[in-house]
Amino acid sequence: MKPREAGAKVAHRTLIVLFSLFAAFPFAWMLITAFKKTTDLLDPNSFPFWYPQGPTLENLRVLFEETLFLRWVGNTIFVGILVVLITLLLAIPAGYALARLTGTVGEQLGVGIFLTYLVPPTILFIPLSRVVASLGLQDSLWALVLVYPTFTVPFCTWLMMGFFKVIPKDIEEAAMIDGLSRFGAFVRVILPMSVAGVLTVVIFAFTLVLQEFVYGLTFITSARNFTISVGVPTFLVRGDVYFWGSLMAACFIASVPIAFLYNLFVDRFISMFTVRAVKG
């Protein structure tokens, strides 16, 4: 191997290692903090990356015994699954229709839909609260199921429109010539080719549900109906007292499944985005 090639290989691997450490650092920090004693956390002379005073399970005990964390996890999963299904049912056909519109109409509609995603929740939660009150859904998880698609559907529609535009029309036209209807060609040909886009929508929509705070705080009042994003800071931040160990444990438990799911399908994302870049 030539010295230049060897140097490039070493530099490439070094960059990968550095980036991996950078990406893994927040998770490592949360995991270390979750098992640290409070006195250890507050000691400025304590080594931050280990346990000078020994690890403890007290933070996990507080999280699982003194809060309704498991209940909040179940609420978040329930709302997340329903919101993801609603988002898929609306964003996929809408994105396909916009992608197949001729001229600039589809582009303009797509941009208009995307702009609705940029409207701040602090502006929308007042009129949405009137809708929730009219339907009698106050302090109900169904209020969140109703409200969350207002910001997941616009962006996911715009996202799916980009994925569908990559797929040539000739493919579905050939399928229709072979005897499939347009809907049949869409289901049997186009959707399997857009798996990366569908997975992106699923992860994006569920992540938004997991981290959303304003609507969850506005429409839910009882602790049993909180989601993770509302329940954890409400019960683990008491005035100026922060239960850092329990907070980090909750964040780690909530974030690792999403990170694992993303890494499970990262190869599909990269391949699909590469195709989009080449064809775009």
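First, a word on what this report is: a plain description of the structure on this page. Everything numeric in this text was worked out from a predicted model, so none of it was measured.

A word on the overall build of the protein chain. For the protein chain, the count of helices and strands is 15 helices and 2 strands. Dimensions of the protein chain, computed from C-alpha atoms along their principal axes, come out at roughly 75 × 70 × 30 Å. Going through the 280 residues of the protein chain one by one, you find that 37% of them count as buried. Across the protein chain, contacts joining residues at least 24 apart in sequence account for 73% of those joining residues at least 6 apart. Counting 19 positive and 15 negative side-chain charges, the protein chain places the centres of these two groups 6 Å from one another.

Let us look at the packing of aromatic side chains. Geometrically, a pair of aromatic rings is defined through the distance of the ring centres and the angle of the planes. Counting across every chain of the model gives 17 aromatic pairs. Put simply, the rings of Tyr148, Phe151, Tyr215 and Phe219 pair up and form one aromatic cluster.

Let us now look at unusual backbone geometry. Positive phi outside glycine occurs at Asp139, with the angle close to 55°. Within the secondary structure, Asp139 is located in the loop between helix 6 (121-134) and helix 7 (141-147).

The subject of this paragraph is the packing of helix 8 (residues 149-166) against helix 11 (residues 195-211). Where helix 8 meets helix 11, the closest approach of the two axes is 10 Å, and the angle between their N-to-C directions is 160°. When the axes of helix 8 and helix 11 are compared, the pair comes out roughly antiparallel. Helix-helix and strand crossings are classified by hand; for helix 8 and helix 11 the assignment is right-handed. Across the interface between the two elements, Phe151, Thr152, Phe155, Cys156, Leu159, Met160 and Phe163 of helix 8 pack against Ala196, Gly197, Val198, Thr200, Val201, Phe204, Ala205 and Leu208 of helix 11.

Let us look at the packing of helix 4 (residues 69-100) against helix 13 (residues 228-236). Contact geometry for helix 4 and helix 13: axes closest at 8 Å, N-to-C directions at 160°. In terms of axis orientation, helix 4 runs roughly antiparallel to helix 13. Of the residues in helix 13, those in contact with Phe69, Trp72, Val73 and Thr76 of helix 4 are Ile228, Gly231, Val232 and Phe235. Broken down by class, the residue content of the contact of helix 4 with helix 13 amounts to 6 nonpolar, 2 polar and no charged.

Right, let's get into the environment of Leu82. Note on placement: Leu82 falls in helix 4. As for Leu82 and Tyr148, which are separated by 66 residues in sequence, their C-alpha atoms are 9.9 Å apart. In this structure Leu82 touches Trp142 and Val145, once residues within four positions along its chain are discounted.

So, how was this worked out
- Residues numbered from 1 in each chain as written.
- Predicted model: local features only at pLDDT ≥ 70, side-chain atom pairs only at ≥ 80, totals over all residues.
- Heavy atoms only, no water.
- Helix = DSSP H or I, 4+ residues; strand = E, 2+ residues; numbered from the N terminus.
- Buried < 20%, exposed > 50% of the residue type's maximum accessible area, 1.4 Å probe, protein only.
- Contact = heavy atoms within 4.5 Å.
- Lys, Arg positive; Asp, Glu negative; His and termini not counted.
- Charge placed at Lys NZ, Arg CZ, Asp CG, Glu CD.
- Phe/Tyr/Trp six-rings, centres within 6.5 Å; stacked < 30°, edge-to-face > 60°.
- Axes fitted to C-alpha atoms, helices over the stretch in contact; angles between N-to-C directions.
- Parallel < 35°, antiparallel > 145°, perpendicular 65-115°, else oblique.
- Left-handed = near helix turned anticlockwise from the far one by under 90°.
- Nonpolar A, V, L, I, M, F, W, Y, C, P; charged D, E, K, R; others polar.

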